[in-house]
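# Structural overview
Now for the letters of each chain:
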Amino acid sequence: MTDVPPIERQNPAPETMRPSERRPLDGRRPPRSGPRPDRPKKRDVSGWVILDKGVGMTSTHAVAVVKRAFNAKKAGHAGTLDPLASGILPIALGEATKTVPFVMDGRKAYRFTVAWGVETDTDDAEGRPVATSEERPTREAVDAALPNFIGAIEQVPPRFSAIKIAGERAYDLARDGEVVELVARPVQIDHLSVVEHADGRTVIAAECGKGTYVRALARDLGRMLGCYGHVAALRRTRVGPFSEGESCNVAALEAGGPEGNAPHLRPVETALDAIPSVTISRDMALRLMRGQPVILRGRDSPTEGKIFATCGGILVAVGDVERGELVPHRVFHLGGVGGR
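Our subject in this report is the structure included herewith. (Residues numbered from 1 in each chain as written. Predicted model: local features only at pLDDT ≥ 70, side-chain atom pairs only at ≥ 80, totals over all residues. Heavy atoms only, no water.)

So, on to helix 5 (residues 214–225). A rise of 1.5 Å per residue sets the reference length of helix 5, with its twelve residues, at 16 Å; its end C-alpha atoms lie 17 Å apart and thus fit the reference within 8%. Across the twelve residues of helix 5, nine count as buried, placing the element largely inside the fold. Among the residues of helix 5, Val-214, Arg-215, Ala-216, Leu-217, Ala-218, Arg-219, Asp-220, Leu-221 and Gly-222 are the ones counted as buried. Directly after helix 5, the chain includes Gly-226, whose backbone phi takes a positive value near 75 degrees. (Helix = DSSP H or I, 4+ residues; strand = E, 2+ residues; numbered from the N terminus. Expected span 1.5 Å × (residues − 1). Buried < 20%, exposed > 50% of the residue type's maximum accessible area, 1.4 Å probe, protein only.)

Taken in spatial order, the five strands line up as 15-17-18-19-16 in an open sheet, and their pairing is mixed. Of all the strands in the sheet, the pair left with one neighbour each is strand 15 (277–279) and strand 16 (294–295). Examined bridge by bridge, strand 18 (residues 314–322) and strand 19 (residues 325–331) share six bridges and lie antiparallel to one another. Looking across to strand 19, one finds that Asp-320 is bridged to Val-327. (Pairing = 2+ DSSP bridges.)

Among the structural elements, Arg-236 can be located in strand 12 (residues 229–239). Here the side chain of Arg-236 touches Ile-88 through a polar contact of 2.9 Å, landing on its backbone oxygen. (Polar contact = N/O pair within 3.5 Å; in protein donor to acceptor, adjacent residues only side chain to side chain.)

A few words now on the side chain of Thr-310. Counting through the fold element by element, Thr-310 comes out in strand 17 (residues 304–311). The buried category is assigned to Thr-310, whose relative accessible area is 14%. The contacts of Thr-310, once residues within four sequence positions are left out, are Val-278, Thr-279, Ile-280, Leu-315 and Val-316. (Contact = heavy atoms within 4.5 Å.)

Quick look at the structure:
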C-alpha cells in the first residue's frame, strides 16, 4: 500500500490564542492547573469480537478501537485486512489471544471486484499502473478462466505484501524502489464464481485457505485473459467460524461502552469449533493448568488428535491426545476452575 504523508498542523498565531493555549518562550508546556483525571482501570475481559471493519481503517487501528471499547488489557486480531478492504476482522481479547492461530488457519471467504484493463504495482486501486490494455473480457471468458485457479495452486504474492525477504517486509523494499522478487507459494482455493459482470468489471466470490492473496488472484486472472486487472473493491465475508451475521461495527461498539458491549463478545472456545472437545474433572483440570498431561478414561474418549478440554463448561486447555493421554499446549485461566 502507498503511504499518505501526514498533514501539517497549522498553528495559530500567539496573539489569536487564548492565554491557556500559549506556551512560554522556552517551548515547555505550562504545568496543569489541577490533577490529571483518573484513567479507567483496564479489565480482564476474554472473548472474540467479530468486527465488520470499514474501508480506510487499518487492522491495527481496529484492534485499538475494540480494546478501548471494552477497556480490555490485551487484544489482537486474527488475520490482517488491508485498509482498502472491508468486512470480517475477528479480534481476540484476553485469553482468546491464545486461540488466534486456530482462526487464522481456518477457511476464508471474500467478495471482490476486479477492474479490467489496468495492472498496478500493488495489484489494487491504490497502486501505480504498470500495464494497460484496451481488451475487456466477456463473462463467459471469466467463467472459463476461473477453474484454472481452483484447487491446490502455486501463487506469487504481491510485491506490496507483508512477506519477509532477508528480514525486511516486501512492501518496505518495494516502497524504497527495490526490485522485489517473490517466489510462488502453494495455496488452496476451494471456490470461485462470478457474481456480477458489467462495465469492464467483474464481481467474484471466493473461498480459500490461509496465505491466499486475492490481489494476486486478480492480477493473474487479468494476465491469463490478456487484459490485465486489479482489485477495485474487496470484502471479507467469513474467517474460520466467524461470519457477517454475528458481526458488529465500530459505531455500535463506541456507543455501547465497556459494560454495554457484552452482547458483542463471543466465548473464547468459539474459535475451536473445528476440533472436538472433552469434559474433564476438576482434578484433571488442575493438572492441565499446571502444564501436566492427564489420561483420558472412558470408552468414548479420543485416543489421538487435537482436542480442547472443559470443566464445568469452562475452557481449560487445548492439546494433543497421544495414546490416550492429553498433553496441554495452551492453558487458559478463565476463572471458576483453579482461580486466578
